[in-house]
Amino acid sequence: MSDHNSAIKRMPAPLSPSRAGLAWGLLGVAAFSFTVPFTRVAVESMSPLFIGSGRAVIAAVLATAALIITRQHLPRGNQWLRLAVVAGGVVVGFPLLTSFALTTASASHGAVVIAFLPAATAVMAVIRGKERPLLPFWITAALGALVAVAFASLQGGGGIRLQWSDLLLFGAVAAAAIGYAEGGLLAREIGSWQTVSWALVLAAPLMVALMTIAIVDQPPTGTLTQWAAFAYLGVVSMFLGFFAWYRGLAIGPMAQVSQVQLTQPVLSILWAALILREELTWQTIIGGIAVILCAGIAVRTRRGRVRLTRSAEDRAVQSSPVEAMPSTNLP
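Since we're looking at a predicted model, the values are computed, not measured. (Residues numbered from 1 in each chain as written. Predicted model: local features only at pLDDT ≥ 70, side-chain atom pairs only at ≥ 80, totals over all residues. Heavy atoms only, no water.)

## Side note on the packing of helix H9 (residues 164-190) against helix H10 (residues 192-217)
For clarity, the cut-off: In this analysis an axis means a line fitted to C-alpha atoms, helices contributing only their contacting stretch, and an angle means the value between N-to-C directions, from 0 to 180 degrees. For helices the rule is a DSSP run of H or I covering at least 4 residues; for strands it is a run of E covering at least 2, with both sets numbered from the N terminus onward. An angle below 35 degrees is treated as roughly parallel, one above 145 as roughly antiparallel, one from 65 to 115 as roughly perpendicular, and anything else as oblique. By definition, turning the near helix anticlockwise from the far helix through less than a right angle yields a left-handed crossing, and turning it clockwise yields a right-handed one. Whether two residues touch is decided by their heavy atoms; if any such pair falls within 4.5 Å, the residues are in contact.
One can describe the packing of H9 onto H10 by two numbers: an axis separation of 7 Å at closest approach and a directional angle of 110°. Put simply, H9 runs roughly perpendicular to H10. The two elements H9 and H10 meet at a crossing, and its hand is right-handed. Of the residues in H10, those in contact with Gly183, Leu186, Ala187 and Ile190 of H9 are Ser192, Gln194, Thr195 and Trp198.

Here it is in structure tokens:
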């Protein structure tokens with residue numbers, strides 16, 4: 001009997017729902033954290049237009065297969081228009097703008113600027129959802145934007161002048177924030193990964209045309225490493241990473257799981273140092289910490305307000321079999 005009991009004690013206990021949600025969420029964030037460094041690798045020999053459009057085409061093929069295999073229903077009515085907003089932000093805008101920006105900006109620099117995305121998305125979600133957050137939310141969101149702009153200016157060669165790549169990065173943040181805020185609302189109706197998949201399918205004709213133009217203008221060439229980086233961007237960054245991320249959010253609790261995405265810029269900077277041998281300067285470290293702290297405070301302040309005014313809806317969403325997309329997702 002004692003042997004039997006000891007054997008039972010040695011059996012690993014299953015993960016609790018909260019730990020399982022965090023584990024899946026961290027897996028998704030880890031997958032996304034390679035996006036900026038691998039984009040920097042790919043643009044060394046391939047055109048940014050080809051990378052930005054080609055990765056979306058690869059993901060669209062996988063998304064089409066997933067939608068057909070699982071027999072998903074077609075979106076209805078104005079859901080198509082809202083999917084176009086999502087596609088414009090996260091399928092077209094963010095990949096293309098970051099690809100062009102990273103032809104000159106370093107991966108660590110890009111990761112710090114993009115770290116403002118959680119707070120920017122929270123702002124767009126507040127505007128789109130007609131919420132009334134407390135004053136500290138707006139203060140920390142504004143402070144985060146100022147810190148991000150200050151960091152980009154100082155890293156651009158001194159003074160207060162922004163480089164062209166910085167403007168592209170801030171444009172990418174704005175595009176993704178709009179796309180994710182609208183996607184967060186739409187995901188409650190048709191599902192989270194379904195929202196991303198339909199957005200990929202909707203944008204596919206445009207991205208195929210852009211990829212064709214890029215191939216004709218500059219036939220893509222590269223080393224095996226660069227092609228592997230490009231494949232990662234299409235298969236993982238724009239598709240498989242979302243599956244792990246959204247599964248974690250579906251298990252929940254969403255407010256807790258979505259916080260782990262604030263580790264993404266830290267991981268991206270680490271990969272830039274290890275993979276690309278980029279130097280970690282004090283400006284990068286301090287700027288990254290400051291932006292991440294501002295984003296984290298803004299997101300938490302906004303969520304605290306939402307829990308007070310919409311706790312019943314949050315409980316309904318968490319208990320629903322359809323996962324909801326967070327308002328602070330990083331690609």
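## So, a nonpolar patch on the surface
Stated formally: Exposure above 30% relative accessible area and the absence of a salt bridge qualify a residue for a patch, where like charges join within 9 Å and nonpolar side chains (Val, Leu, Ile, Met, Phe, Trp, Tyr) within 5 Å. Where accessible areas are quoted, they stem from the Shrake-Rupley method and a 1.4 Å probe; at the residue level, only the protein chains shown are allowed to cover. For salt bridges, the criterion is a side-chain nitrogen of Lys or Arg within 4 Å of an Asp or Glu carboxyl oxygen.
Taken together, the side chains of Leu280, Trp282, Ile285, Ile286, Ile289, Leu293 and Ile297 present a nonpolar region at the surface, about 720 Å² in accessible area. Within the secondary structure, Ile289 sits in helix H14 (residues 282-319).

## Let's talk about the packing of helix H5 (residues 79-101) against H9
Packed helices, taken two at a time, are described by their axes: the angle between them and the distance between them. Direction vectors running N to C along H5 and H9 enclose 150°, while the axes themselves pass 7 Å from each other. Relative to H9, the element H5 lies roughly antiparallel. Seen along the crossing, H5 lies across H9 with a hand that is left-handed.

## Thoughts on the pattern of salt bridges
In plain terms, the rule: When accessible area is computed with a 1.4 Å probe and restricted to protein chains, residues below 20% of their type maximum are described as buried, those above 50% as exposed, and intermediate ones as partly exposed.
Counted according to the given criterion, the structure contains three salt bridges. Residues Glu182 and Arg82 are paired through a salt bridge, measuring 2.8 Å at the closest nitrogen-oxygen approach. With Glu182 in helix H9 and Arg82 in helix H5, this pair connects stretches of sequence that are 100 residues apart. There is no split in this pair, since Glu182 and Arg82 are both buried. For the salt bridge of Glu189 with Arg82, the shortest nitrogen-to-oxygen distance reads 2.9 Å. Residue Glu189 is found in helix H9, and its partner Arg82 is found in helix H5; the two are separated by 107 residues along the sequence. Given the relative accessible area of 12%, Arg82 is considered buried.

## Observations regarding the packing of aromatic side chains
Selection criterion: Stacked, tilted and edge-to-face are the three classes applied to pairs of Phe, Tyr and Trp rings, where Trp contributes its six-membered ring and a pair requires centres within 6.5 Å; stacked means planes under 30 degrees apart, edge-to-face means over 60, and tilted covers the rest.
Applying the stated criterion to the full structure yields nine aromatic pairs. Taking 5.9 Å as the distance between ring centres and 70° as the angle between the ring planes, the aromatic pair formed by Phe34 and Tyr232 counts as edge-to-face. Within this pair, whereas Phe34 is found in the loop between helix H2 (17-32) and helix H3 (35-42), its partner Tyr232 is found in helix H11 (residues 224-251), the two being separated by 198 residues in sequence. What links up through ring pairs into an aromatic cluster is the set Phe34, Phe38, Tyr232 and Trp271.

## A short note on the environment of Ala56
Checked against the element boundaries, Ala56 lands in helix H4 (residues 48-69). Taking relative accessible area as the criterion, Ala56 reaches 1% and is therefore assigned buried. Look past the residues within four positions of Ala56 in its chain and what remains in contact with it is Val91, Leu200, Met207 and Met238.

## Considerations on the confidence of the model for the protein
We count it as follows: Per-residue confidence from the prediction method is given by pLDDT, with values spanning 0 to 100.
When the pLDDT values of the protein are averaged, the result is 79; 77% of them are 70 or greater. At the low end of the mean pLDDT range in the protein sits helix H1 (residues 2-10), at 47; at the high end sits H4, at 96. Note that residues 6-15 has pLDDT below 50 and, in this model, one contact with residues that lie over four places away or in other chains. Counted against residues more than four places away or in other chains, residues 307-330, with its pLDDT under 50, gives 66 contacts.

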